[in-house]
Amino acid sequence: MKEKKQIIYYENIRRWCIDISAGLISSIISKTIVAPVERVKLLMQTSSHYGKLGLIKCSKEIYSTQGFYSFWKGNVANILRYF
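Residues numbered from 1 in each chain as written. Predicted model: local features only at pLDDT ≥ 70, side-chain atom pairs only at ≥ 80, totals over all residues. Heavy atoms only, no water.

Focus: the environment of Ser59
Worth spelling out the cut-off: Put simply, DSSP marks the helices as runs of H or I at least four residues long and the strands as runs of E at least two long, and each gets a number from the N terminus on. We call a residue buried when its accessible area falls under 20% of the maximum for its residue type, exposed when it is over 50%, and partly exposed in between, using a 1.4 Å probe and counting protein chains only. Contact criterion: two residues are considered in contact whenever any of their non-hydrogen atoms come within 4.5 Å of each other. Here a polar contact is recorded for every N or O atom pair within 3.5 Å, except that within protein the pair must consist of a potential hydrogen donor and a potential acceptor, and residues adjacent in sequence are included only if both atoms are side-chain atoms.
Among the secondary structure elements, Ser59 is positioned in helix α3 (residues 55-66). Residue Ser59 is classed as partly exposed on the basis of its relative accessible area, which comes to 21%. Residues Ser59 and Phe71, spaced 12 residues apart in sequence, show a C-alpha to C-alpha distance of 8.7 Å. Contacts of Ser59, omitting those with residues within four sequence positions, involve Val40 and Phe71. In this structure the side chain of Ser59 is engaged in a polar contact, spanning 2.9 Å, whose partner is the backbone oxygen of Leu55.

Dropping the structure here:
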């Protein structure tokens, strides 16, 4: 009887780990997909220069001045909040 309880206990721990891992992976994927929009929104809210531009013009300006990968600046810090 004791072995059966241990097996059930280990199965519950295994299932819990799988659920937590699935949640972490899905949050990483979703935050990475949304990161460019969040970055443009943040710059528009905090900068007087970008705030006067619209969403499309602001995105074009960021791309031309800072490059493609600048849309994901700060994404690692955002992802680490979930760990």
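From this point, the narrative continues.
Quick look at α3
To be explicit about the condition: To estimate the expected span of a helix, subtract one from its residue number and multiply by 1.5 Å.
Taking 1.5 Å as the rise per residue, α3 with 12 residues should run 16 Å; its terminal C-alpha atoms sit 16 Å apart, in good agreement. Just downstream of α3 lies Gly67, where phi reads positive at about 100 degrees.

Concerning the environment of Glu38
Summarising the element assignment, Glu38 is placed in helix α1 (residues 2-46). Considered as a pair, Glu38 and Phe71 are 33 residues apart in the sequence and their alpha carbons are 8.5 Å apart. A distance of 3.3 Å separates the side chain of Glu38 from the side chain of Lys41, its partner in a polar contact.

Considering the side chain of Arg39
The line we're drawing: Counted charges follow a simple rule, with Lys and Arg positive, Asp and Glu negative, and His plus the chain ends left uncounted. Any Lys or Arg side-chain nitrogen found within 4 Å of a carboxyl oxygen on Asp or Glu counts as a salt bridge.
If you trace the backbone, Arg39 turns up in helix α1. Glu38 provides the closest opposite charge to the buried, salt-bridge-free Arg39, at an N-O distance of 11 Å. Of the polar contacts made by the side chain of Arg39, one reaches the side chain of Gln66; its length is 3.2 Å. Every residue in contact with Arg39, bar those within four places of it in the chain, is listed here: Gln66, Ser70, Phe71 and Lys73.

What to know about the pattern of salt bridges
Per the counting criterion, the structure on display carries three salt bridges. In this structure, Glu11 engages Arg14 in a salt bridge whose closest nitrogen and oxygen atoms are separated by 3.2 Å. Note that Glu11 and Arg14 are positioned in helix α1 at a spacing of three residues, about one turn of the helix. Glu11 sits in the partly exposed class, given a relative accessible area of 40%. One salt bridge in this structure joins Glu38 and Lys41, with 3.3 Å as the shortest N-O distance. Here Lys41 and Glu38 lie together in helix α1, a separation of three residues that amounts to about one turn. Classification of Glu38 as partly exposed rests on a relative accessible area of 37%.

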